[in-house]
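Survey of secondary and tertiary structure
Below are the chains, spelled out letter by letter.
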Amino acid sequence: MKSYRIAAIPGDGIGKEVIAAGIEVLQALARREGGFALTFDHFDWGSDYYKTHGVMMPEDGRDRIRHHDAIFFGAVGAPDVPDHISLWGLRLAICQPFDQYANVRPTRVLPGITSPLRHVSGPELDWVIVRENSEGEYAGVGGRVHRGLPEEVATDVSMMTRTGVARIIRFAFDMARSRPRKLLTVVTKSNAQRHAMVMWDEIAAEVARDYPDVTWDKMLVDAMTMRMTMKPETIDTVVATNLHADILSDLAAALAGSLGIAPTANLNPERRFPSMFEPIHGSAFDITGKGIANPVGTFWTATMMLEHLGEKSGADRLMRAIERVTADPNLHTPDLGGKATTRAVTDAVIASILADNA
Ligand code: IPM
Ligand code: MG
């Protein structure tokens, strides 16, 4: 029997609640599937750890998870720790050194969920956003001098490398090719940003030559927000820079009904390092401890983790269970306008897994 070791990092806020739910569901799924086992090692890194130890994770933290098969991550961010400390101290401290350069964000309107778009009933909105996850606007290059003085200067330099751009564009073309419509939109802003984004466009055109079977187009990021809203059915796979895709993926999640549902994979496609799987909703301190966090984003994330591990049958079974549960409005958490608790949704997904005879 195959056995996978997963590093669980629940992090902050509702991260702890949804990761606990996710582990329960994954263990039930593994029992139901029978072909594989999962062992979870728990790491209490995050903002509470920071308040005790002055760092978000221990110095040898990465070494402790380097050989795991995957990382199952909750959320990071606390009201009393500056966001750039919590982010750079944990999430980016894992993503960047582990070269998880491909961030994959699928968006679909799941059964039973209502899109805020009047003209969308479901199938018109089925996207995958591929986010460059290692450089660009999040490169961390910049500085601040003359702090507090009138002549204070601060810069955040967006850095793009030919290697970094080429590999994410290639990844996105592969993703587009693997989907039925074979359709890719390359998001850009080369009208205003005349250096790096022009290089981005050029590289896209170069890489596209290797994918004659993929239809692709180019879209300015501002226009892309309109297209996502007005003509969602014209979009399939999307590739964008780190910041552009960060913004577009929140829009995508909202248009699909709730940020509580949206999943993410931070992939190191070459598998030199473990990849990291997380719901995109964040720590949500306003609802922490109330037992009403939507665990669906984490469950969907878990399907991406299973696919990455090669457990396709388990991933499909879990996705079927999720969709049967979202189809029932009585099992919607408050972010979806319902009254269900994290517990109720988790139990329902487990019951659905066990009842699935496929
Ligand atoms: C995301 C989040 C993060 C990001 C935050 C928490 C810094 O918004 O994963 O989309 O901007 O990358
Ligand atoms: Mg974001």
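An account of the accompanying structure is given in this report. (Residues numbered from 1 in each chain as written. Chains lettered and ligands numbered in written order. Predicted model: local features only at pLDDT ≥ 70, side-chain atom pairs only at ≥ 80, totals over all residues. Heavy atoms only, no water.)

1. A word on the overall build of the protein chain
The criterion, for reference: By definition, any uninterrupted DSSP run of H or I lasting at least four residues is a helix, any uninterrupted run of E lasting at least two residues is a strand, and each is numbered from the N terminus. Between the two quantities, the radius of gyration covers C-alpha atoms and the globule rule is 2.2 Å times the number of residues to the power 0.38. Whether two residues are in contact is decided by their heavy atoms, any of which lying within 4.5 Å being enough. Only the protein chains shown count as cover for residues, with accessible areas throughout obtained via the Shrake-Rupley method and a probe of 1.4 Å.
Secondary structure assignment for the protein chain yields 11 helices and 12 strands. Against the globule reference of 21 Å for 358 residues, the protein chain gives a C-alpha radius of gyration of 20 Å, in line with a compact fold. Projected onto its principal axes, the C-alpha positions of the protein chain cover 60 × 50 × 40 Å. Looking at the protein chain alone, contacts between residues at least 24 apart form 76% of all its contacts between residues at least 6 apart. With the model as given, the accessible surface of the protein chain reaches about 15,400 Å², and the carbon-plus-sulfur share is 55%.

2. Some thoughts on the site of ligand 1
Convention followed: Throughout, the term near means that a residue has one or more heavy atoms lying within 4 Å of the molecule or strand in question. In the analysis that follows, any N or O atom pair within 3.5 Å is treated as a polar contact, provided that within protein one partner can donate a hydrogen and the other can accept it, and provided that, for residues neighboring in sequence, both atoms belong to side chains.
Every residue near ligand 1 is listed here: L87, R91, R105, R131, Y138 and D246. At a separation of 2.6 Å, an oxygen atom of ligand 1 approaches a polar side-chain atom of Y138. A distance of 2.8 Å separates an oxygen atom of ligand 1 from a polar atom in the side chain of D246. Against a free-state accessible area of 320 Å², the protein chains account for coverage of 72% of ligand 1.

3. Regarding the sheet that holds strand 10 (residues 237-240)
Inclusion rule: Between any two strands, pairing holds if DSSP finds at least two bridges. Interaxial angle, 0 to 180 degrees, is taken between N-to-C directions of lines fitted to C-alpha atoms, where a helix line uses only the stretch in contact.
Across the sheet, which stays open at both edges, the 10 strands sit in the order 2-1-3-12-11-4-5-10-8-9 with mixed pairing between neighbours. What marks the edges here is a single partner per strand, and that holds for strand 2 (36-42) and strand 9 (215-220). With strand direction ignored, the average angle separating the axes of adjacent strands in the sheet is 25°. As judged from the two bridges shared by strand 3 (residues 70-75) and strand 12 (residues 276-279), these two strands associate in the parallel manner. Each residue of the ladder has a partner; that of F72, found in strand 12, is F277. Across the sheet, helix 4 (residues 83-95) is in contact with strand 1 (2-11), strand 3, strand 4 (102-108), strand 11 (263-267) and strand 12; its angle to strand 12 comes to roughly 135°.

4. A short note on the pairing of strand 3
Put simply, the rule reads: Only protein chains enter the calculation, and the probe is 1.4 Å; a residue is then buried if its accessible area is under 20% of its type maximum, exposed if over 50%, and partly exposed in between.
Counted residue by residue, strand 3 has six buried out of six residues, so it is predominantly covered. Inspection of the sheet shows strand 1 paired to strand 3 by five bridges, in the parallel sense. By the bridge assignment, I6 is partnered in strand 3 with A70.

5. Side note on the pairing of strand 9
To keep things clear, this is the line we draw: We call a crossover right-handed when, viewed with the strands running away from us, the connection from the first strand over the helix to the second turns clockwise.
Pairing analysis gives six bridges linking strand 8 (residues 183-188) to strand 9, with the strands arranged parallel. Opposite T188, over in strand 9, you have L220 as the bridge partner. Note on the crossover from strand 8 through helix 6 (residues 196-208) to strand 9: the handedness is right-handed.

6. So, a nonpolar patch on the surface
Worth spelling out the cut-off: For patch detection, residues must exceed 30% relative accessible area and be free of salt bridges, and they are connected within 9 Å for like charges or within 5 Å for nonpolar side chains (Val, Leu, Ile, Met, Phe, Trp, Tyr). Salt-bridge detection follows one rule: a side-chain nitrogen of Lys or Arg within 4 Å of a carboxyl oxygen of Asp or Glu.
Taken together, the side chains of V141, V157 and M159 make up a nonpolar region of the molecular surface, amounting to roughly 200 Å² of accessible area. Summarising the element assignment, M159 is placed in strand 7 (residues 153-159).

7. Brief notes about the environment of V165
As for its position among the elements, V165 is in helix 5 (residues 162-178). Between the C-alpha atoms of V165 and S121, which are 44 residues apart in sequence, the distance is 35 Å. Sequence-distant contacts of V165, defined by excluding residues within four places in its chain, comprise E135, M160, M199, W200 and I203.

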